[in-house]
Amino acid sequence: QVQLVESGGGLVQPGGSLRLSCAAPVMFDVYSMGWYRQAPGKERDFVARLGPGDSTNYKDSVKGRFTISRSEDNARNTVNLQMDILKPEDTAVYYCTAVLLYNRRLTDFWGRGTQVTVSS
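Model, not experiment: these values are computed from the prediction.

Explain the overall build of the chain here, please?
For the chain, the helix and strand inventory stands at zero helices and eleven strands. Scaling as 2.2 N^0.38, a compact globule of 120 residues should have a C-alpha radius of gyration of about 14 Å, and the chain matches this with 14 Å. For the chain, the C-alpha atoms occupy an extent of roughly 45 × 30 × 25 Å along the three principal directions. Considering the chain as a whole, with its 120 residues, one finds that 40% of them fall into the buried category.

What should I look at first to understand the sheet that holds strand 8 (residues 78-83) in this one?
Picture the strands of a sheet paired through backbone hydrogen bonds; they go either parallel or antiparallel. With antiparallel pairing, four strands are arranged side by side in an open sheet as 1-3-8-7. Sheet topology places strand 1 (5-7) and strand 7 (66-70) at the edges, where each strand pairs with a single neighbour. Within the sheet, the average angular offset between the axes of one strand and its neighbour, ignoring direction, is 15°. Note: strand 1 against strand 3 (residues 18-23), three bridges, orientation antiparallel. Within strand 3, the position partnered with S7 by the bridge is S21.

How should I be thinking about the environment of M33 in this particular structure?
Looking at the element boundaries, M33 is found in strand 4 (residues 29-38). Sequence-wise, M33 and P52 are 19 residues apart; in three dimensions their C-alpha atoms are separated by 9.5 Å. Once you skip the residues sitting within four places of it in the chain, M33 turns out to touch C22, A24, R49, L50, I68, N77, V79, C96, T97 and A98.

Definitions and cut-offs
- Residues numbered from 1 in each chain as written.
- Predicted model: local features only at pLDDT ≥ 70, side-chain atom pairs only at ≥ 80, totals over all residues.
- Heavy atoms only, no water.
- Helix = DSSP H or I, 4+ residues; strand = E, 2+ residues; numbered from the N terminus.
- Rg over C-alpha atoms; globule rule 2.2 N^0.38 Å.
- Buried < 20%, exposed > 50% of the residue type's maximum accessible area, 1.4 Å probe, protein only.
- Pairing = 2+ DSSP bridges.
- Axes fitted to C-alpha atoms, helices over the stretch in contact; angles between N-to-C directions.
- Contact = heavy atoms within 4.5 Å.

Now the structure itself:
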């Protein structure tokens with residue numbers, strides 16, 4: 001069973017910051033890692049992705065506020081999502097996703113999710 005370990009959610013006031021982290025098992029090669037989110041009553045939605053060659057993609061509404069990157073200590077298979085200038089509409093459960101080379105195939109895996117609440 002491949003598990004992605006997420007951390008860093010919580011409650012923050014509008015304008016504040018949070019950092020999410022996600023770690024994939026080190027025994028697998030990582031093709032890409034990223035984050036999706038799901039607000040109450042809405043579908044799961046793409047947020048950010050760190051792909052091959054450290055390429056990045058972002059949802060339009062988070063560009064300039066969110067930054068996805070590898071862990072500062074270059075911990076293998078760990079990515080961070082720095083979220084700044086948070087808005088109430090960023091409230092959602094955030095899910096980490098990783099595309100790993102698993103049994104010689106690129107396979108999607110998902111974390112269990114971490115709650116982010118932006119409220120005064």
